[in-house]
Amino acid sequence: AQRVTQPEKLLSVFKGAPVELKCNYSYSGSPELFWYVQYSRQRLQLLLRHISRESIKGFTADLNKGETSFHLKKPFAQEEDSAMYYCALKSGSGNTGKLIFGQGTTLQVKP
Amino acid sequence: DTAVSQTPKYLVTQMGNDKSIKCEQNLGHDTMYWYKQDSKKFLKIMFSYNNKELIINETVPNRFSPKSPDKAHLNLHINSLELGDSAVYFCASSQGGEGTQYFGPGTRLTVL
């Protein structure tokens, strides 16, 4: 079954502390994974995708096929990072592609 | 502004009523989606359309009927609203079935 699991509903850290939001997936093919973020009262937006291997707003995520994980990391959290973070897996190909989202993790960065 | 827009932003209605939510994108994408975000913030796909053709229907009750008059618009009509339909509904668009999707601001539907 295709599934994305984010085990933490809430992650609370202090400003300047490292952050790791966990994401595990279950997918039989070659996975394509994403992190989306929803800031308070804003729309959901793409943060990063694994094929780009980029760092956005100081966040990085590495696909680990052995552990079927795609954890999101940032070395020093900022208060403006407080938001809901969704890990997503693209399922299907071509026009039948769709995103399967994890349950979401709320990141709370305290001053 | 290039974006995905939805109307209305808030919708409060009684059980049994019929309501519609409209979505428009001016990004030139050929694929549009409806997602439902429930009270626990769980986000799940409902439908996708590509060039006005229904591609994905994720076992949504047939009280929900999407309509795509053209590839820039995807509307959602809901008949006989139930309490369990209360949620935030997000429209999104992408090129093909790409995982990089652009979301609308959401419509918060409250059924009383």
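Details of the structure are given in the entry above.
Since the structure is predicted, the reported quantities are computational estimates derived from the model, not experimental observations.

1. Structural notes on the overall build of chain B
In step 1: Helix and strand counts for chain B stand at zero helices and 11 strands.
In step 2: Helices and strands in chain B line up, N terminus first, as β-β-β-β-β-β-β-β-β-β-β.
In step 3: For 112 residues, the compact-globule estimate of 2.2 N^0.38 gives 13 Å, and the C-alpha radius of gyration of chain B, at 13 Å, lies within 12% of that figure.
In step 4: Based on the C-alpha atoms only, the size of chain B along its principal axes is roughly 35 × 25 × 25 Å.
In step 5: Looking at chain B as a whole, 46% of its 112 residues are labelled buried.
In step 6: Residue pairs at least 24 apart in sequence account for 55% of intrachain contacts in chain B once pairs closer than 6 positions are excluded.

2. Quick word on the overall build of chain A
In step 1: Of regular secondary structure, chain A possesses zero helices and 11 strands.
In step 2: Taken from the N to the C terminus, the helices and strands of chain A come in the order β-β-β-β-β-β-β-β-β-β-β.
In step 3: C-alpha atoms of chain A, sized along the principal axes, occupy 45 × 30 × 25 Å.
In step 4: Sequence separation of 24 or more characterises 58% of the internal contacts of chain A that already satisfy a separation of 6 or more.
In step 5: For chain A, the accessible area works out to roughly 5,600 Å², and carbon and sulfur atoms hold 49% of it.
In step 6: Measuring between centres, the 15 positive side-chain charges of chain A sit 6 Å from its 9 negative side-chain charges.

3. Section: the pairing of strand β5 (residues 33-38) of chain A
All names here are of chain A.
In step 1: With six of six residues buried, β5 is to be regarded as a mostly interior element.
In step 2: In the sheet, β5 pairs with strand β6 (residues 45-49) via four bridges, with the strands oriented antiparallel. What sits directly across from W35, in β6, is L48.
In step 3: Hairpin connection of β5 to β6: six residues between the antiparallel strands, including R41 at a positive phi of 65°.

4. Section: the interface of chain B and chain A
In step 1: Contacts between chain B and chain A engage 23 residues on the former and 19 residues on the latter.
In step 2: Taken over both partners, the interface formed by chain B and chain A buries close to 1,800 Å², and the fraction arising from carbon and sulfur atoms is 52%.
In step 3: It is L43, G99 and F103 of chain B in chain B that bury the most area against chain A; as a group they hold 26% of the surface buried on that side.
In step 4: Counting across the interface, chain B meets chain A through one salt bridge.
In step 5: One salt bridge in this structure joins K98 of chain A and E58 of chain B, with 2.6 Å as the shortest N-O distance.

5. A closer look at the sheet that holds strand β8 (residues 73-78) of chain B
Residue and element names in this part refer to chain B.
In step 1: Across the sheet, four strands lie side by side as β1-β3-β8-β7; this open sheet has antiparallel pairing. The open sheet has two edge strands with one neighbour each: β1 (4-7) and β7 (64-70). Sheet twist, expressed as the mean angle between neighbouring strand axes with direction ignored, is 20°.
In step 2: Pairing analysis gives four bridges linking strand β3 (residues 19-25) to β8, with the strands arranged antiparallel. When the sheet's bridge partners are listed, S20 is paired in β8 with H77.

6. Some words on the pattern of salt bridges
Residues and elements named next belong to chain B.
In step 1: Under the criterion given, the structure shown has eight salt bridges over all chains.
In step 2: With a closest N to O distance of 3.5 Å, R63 and E82 form a salt bridge. Placement of R63 in the loop between β6 (53-57) and β7 and of E82 in the loop between β8 and β9 (87-94) is noted, with a sequence separation of 19 residues between them.
In step 3: The exposure class assigned to R63 is buried, which follows from its relative accessible area of 14%.

7. Notes on the side chain of D85 of chain B
All names here are of chain B.
In step 1: With respect to the element layout, D85 can be found in the loop between β8 and β9.
In step 2: At a separation of 2.8 Å, a polar atom in the side chain of D85 contacts the main-chain amide nitrogen of E82.
In step 3: Contact partners of D85, with chain neighbours within four places excluded, come to K36, R63, F64, I78, S80, L109 and V111.

8. Re the packing of aromatic side chains
In step 1: Taken as a whole, this structure holds 11 aromatic pairs over all chains when the rule is applied.
In step 2: Note on F101 of chain A and Y35 of chain B: the rings are 5.6 Å apart at their centroids and 80° apart in plane angle, and the pair reads as edge-to-face. Of this pair, F101 of chain A sits in strand β10 (residues 98-101) while Y35 of chain B sits in strand β4 (residues 31-37), which puts the two residues in different chains.
In step 3: We classify F101 of chain A as buried; its relative accessible area is 3%.
In step 4: Taken together, a centroid distance of 6.4 Å and an interplanar angle of 80° make the contact between F90 of chain B and F103 of chain B edge-to-face. With F90 of chain B in strand β9 and F103 of chain B in strand β10 (residues 102-103), this pair connects stretches of sequence that are 13 residues apart.
In step 5: F90 of chain B gets classed as buried once you look at its relative accessible area, which sits at 3%.
In step 6: Since its relative accessible area comes to 2%, F103 of chain B is described here as buried.
In step 7: Taken together, F34, Y36, Y86 and F101 of chain A together with Y33, Y35, F90 and F103 of chain B form an aromatic cluster joined through their ring pairs.

Scoring rules and cut-offs
Residues numbered from 1 in each chain as written. Chains lettered and ligands numbered in written order. Predicted model: local features only at pLDDT ≥ 70, side-chain atom pairs only at ≥ 80, totals over all residues. Heavy atoms only, no water. Helix = DSSP H or I, 4+ residues; strand = E, 2+ residues; numbered from the N terminus. Rg over C-alpha atoms; globule rule 2.2 N^0.38 Å. Buried < 20%, exposed > 50% of the residue type's maximum accessible area, 1.4 Å probe, protein only. Contact = heavy atoms within 4.5 Å. Areas by Shrake-Rupley, 256 points an atom, 1.4 Å probe, with all protein chains shown as cover. Lys, Arg positive; Asp, Glu negative; His and termini not counted. Charge placed at Lys NZ, Arg CZ, Asp CG, Glu CD. Pairing = 2+ DSSP bridges. Buried area = accessible area lost by both parts, 1.4 Å probe. Salt bridge = Lys/Arg side-chain N within 4 Å of Asp/Glu carboxyl O. Axes fitted to C-alpha atoms, helices over the stretch in contact; angles between N-to-C directions. Polar contact = N/O pair within 3.5 Å; in protein donor to acceptor, adjacent residues only side chain to side chain. Phe/Tyr/Trp six-rings, centres within 6.5 Å; stacked < 30°, edge-to-face > 60°.

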